[in-house]
Amino acid sequence: MNINAKPARRFANHVNGQDQDGRQGETFESINPTTGAAFGRFVESSPADVDAAVQAARAAFDGPWRKLSPTRRGRLLMRWGDLIADNAEKIATIETEQNGKLIAEMRIQARLVQDWLYYFGGLADKIEGRVVPLDRTSVLNYTVNEPLGVVAAIIPWNSPTFLTIMTVAPALAAGNTVVIKPSEVTSASAIELARLAEQAGIPAGVINVVTGGRAAGEALVDHPAVAKVSFTGSDGAGRAIAARAGQRLVSCMLELGGKSANIVFDDADLDQVEAGVLAGIFAAAGQTCIAGSRAYFQKGIYDRLVGRLIERANKIKLGDPLKADTQMGPVATAAQLAKDESMVARAVEDGAKVLVGGQRRRVEGLDDGFFYAPTILGNTKPDAFIMQNEVFGPVLCVTPFESEEEVLALANGTRFGLAAGLWTADLRRAHLMARGLQAGTVWINTYRAMAFNSPFGGFKNSGIGRLNGAEAIQSFLQTKSVWCELSRDVQDPFVLKA
Ligand code: NAD
């Protein structure tokens, strides 16, 4: 037992500006993956709890939020961004204590969301309709882009604040209200964000948080007053959610998993490549949707580059993610650790060769932490399970290739299409490859970059819709076409005019 362990904290739902315990009294505990000790106890929300949150969001939508001018709505989002940035250290710490990712990364994300709230706050009063030049010149026809109502935001654990703001910033800027269902692994920061929103002046009920697992998520998707579901998470859950929402004829935005290719040509700058490939997979212990988990190296540099990566992987310092000198923390849950182990074991059965890692790691003083060694596998066949399914752990598969055509076919040979990286000094080749890659984001001579004003989302099974950029706002609006006859002519329905 860790005698320094803090007592587990208790958290309530945040509904209509207030803490709300669950109506049925059920709770669940989340675990700190670094220590294996309890982090906190949260409400396991029932359908009645979810209903209270959706009702509050609907009342805020019909009431104070709708009455605000778009400019004022935008300003409030910006002020919220300022408060989140001011509280970045606190938010980052509770996230690291729940998902085990490096404090430096969580801190950057908690600070960066201010830019997202400024950008989308700035767009709030730039949502315009248009006048349509109809053939019937006596009619004035114009469009109005209206908010949908209550948006459900279902969020995963890997970057909780960042992904929450990526979703709710455009939804709120468009004039909707939201109910957030954070992951059961990382529920605490969403509650903190909602509190800060009200301190910033955003009316109570505009942002509500219900905690819980899959059942709470399902109750939210099923709720008749939820007008849109925005889901970020695994492709399996995304399918289930889209099917459920489809039963109610409600649209879904889906940001799902990936099996992204990172392609290196012989002429690339190997120092840059080494940093990019490592950042693509071992930063965040591979727990990022855009992980560059399939690497393809051209034959001329394959051996040299693999050798360099093995050397670097061996030196990565695993440890407490709250410490500044730690380079990789634990994986987030015991289930994720078991998944890393079983997927590597299956890959080996399928013929893969473990080049480095391939097992759990014991970290001095953190015996109960969920640590997995940075792992590189060679000889993985294109159709092997590990090459076709997301591990979401620090596992890189490396494959040699010869030609552009060959690597394009290999890179595109999965059901996913979230992102891809390519490294080359040849401009023509870079852009031809970018054109051929089936992915929502293509990085040339960089990896794992993202910005508030550049659209992000998946091709194929990696998602539907886009977050970030002006496109994101459109996902949370519906268009109304208004027709107004200006002439006083009588249009007899039984007398057809040519
Ligand atoms: P997950 O799919 O298990 O859970 C995500 C969220 O959905 C959680 O809040 C969970 O409680 C809820 N949920 C799960 N099943 C549900 C159901 N049937 N109905 C309603 N709600 C349900 O994912 P995770 O393990 O938390 O996160 C990891 C996954 O998220 C990875 O696949 C990763 O690639 C993906 N991800 C995608 C993006 C992106 O932008 N494309 C970003 C980050 C993570």
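Residues numbered from 1 in each chain as written. Predicted model: local features only at pLDDT ≥ 70, side-chain atom pairs only at ≥ 80, totals over all residues. Heavy atoms only, no water.

Caption draft 1: Representation of the site of the ligand within the structure. Near the ligand there are 28 residues, and of these Lys181, Glu184, Ser234, Leu256 and Glu390 occur at the shortest range. Between Leu256 and the ligand, the recorded distance is 2.7 Å, taken from a backbone N or O atom to a nitrogen atom. Taken by itself the ligand offers 850 Å² of open surface, and the protein chains cover 90% of this. Of all the secondary-structure elements, those providing two or more residues to the shell around the ligand are helix H8 (214-222), strand S11 (226-232) and helix H9 (235-247). Looking at the shell around the ligand, the element that brings in the most residues is H8, giving three residues. Here the shell around the ligand is composed, by residue class, of 14 nonpolar, eight polar and six charged. Both domains that meet at the shell around the ligand, namely domain 1 (9-256 + 462-481) and domain 2 (261-444), each give it at least three residues. (Near = heavy atom within 4 Å. Polar contact = N/O pair within 3.5 Å; in protein donor to acceptor, adjacent residues only side chain to side chain. Areas by Shrake-Rupley, 256 points an atom, 1.4 Å probe, with all protein chains shown as cover. Helix = DSSP H or I, 4+ residues; strand = E, 2+ residues; numbered from the N terminus. Nonpolar A, V, L, I, M, F, W, Y, C, P; charged D, E, K, R; others polar. Domains from an automatic or database assignment.)

Caption draft 2: Looking closely at the sheet that holds strand S6 (residues 131-132). Overall, antiparallel pairing links the three strands, which are arranged S6-S7-S23 in an open sheet. At either margin of the open sheet sits one strand with a lone partner, and together these are S6 and strand S23 (477-485). Inspection of the sheet shows strand S7 (residues 139-147) paired to S23 by nine bridges, in the antiparallel sense. Along S23, the bridge assignment pairs Leu140 with Cys484. (Pairing = 2+ DSSP bridges.)

Caption draft 3: Structural detail: the pairing of strand S20 (residues 441-444). Residues of S20 alternate between two faces, with Thr441 and Trp443 buried on one and Val442 and Ile444 left unburied on the opposite face. In this sheet, S20 lies alongside strand S19 (residues 419-423) in parallel orientation, the contact comprising four bridges. Across the sheet, residue Gly421 finds its bridge partner in S20, namely Trp443. One crossover worth recording links S19 to the parallel S20 by way of helix H15 (residues 427-436), and it is right-handed. (Buried < 20%, exposed > 50% of the residue type's maximum accessible area, 1.4 Å probe, protein only. Right-handed = clockwise from strand over helix to strand, strands pointing away.)

Caption draft 4: Structural context of the packing of aromatic side chains. On inspection of all chains with the given rule, the structure shows 12 aromatic pairs. With a centroid separation of 5.0 Å and 75 degrees between ring planes, the pair formed by Trp116 and Phe162 is classed as edge-to-face. With Trp116 in helix H5 (residues 103-123) and Phe162 in helix H6 (residues 160-173), this residue pair connects regions lying 46 residues apart in the sequence. Owing to a relative accessible area of 9%, Phe162 belongs among the buried residues under this scheme. Taking 5.7 Å as the distance between ring centres and 75 degrees as the angle between the ring planes, the aromatic pair formed by Trp116 and Phe452 counts as edge-to-face. Of this pair, Trp116 sits in helix H5 while Phe452 sits in the loop between S20 and strand S21 (459-460); the two residues are 336 residues apart in sequence, bridging distant segments of the chain. With relative accessibility at 22%, the residue Phe452 sits in the partly exposed group. One aromatic cluster is present, built from ring pairs that chain together Trp116, Tyr119, Phe120, Phe162 and Phe452. The residue whose ring lies beneath Lys228 is Phe476, and the NZ or CZ to ring-centre distance is 5.9 Å. Positioned above the aromatic ring of Phe265, the side-chain terminus of Arg429 is 4.0 Å from the ring centre. (Phe/Tyr/Trp six-rings, centres within 6.5 Å; stacked < 30°, edge-to-face > 60°. Lys NZ or Arg CZ within 6 Å of the ring centre and 35° of its normal.)

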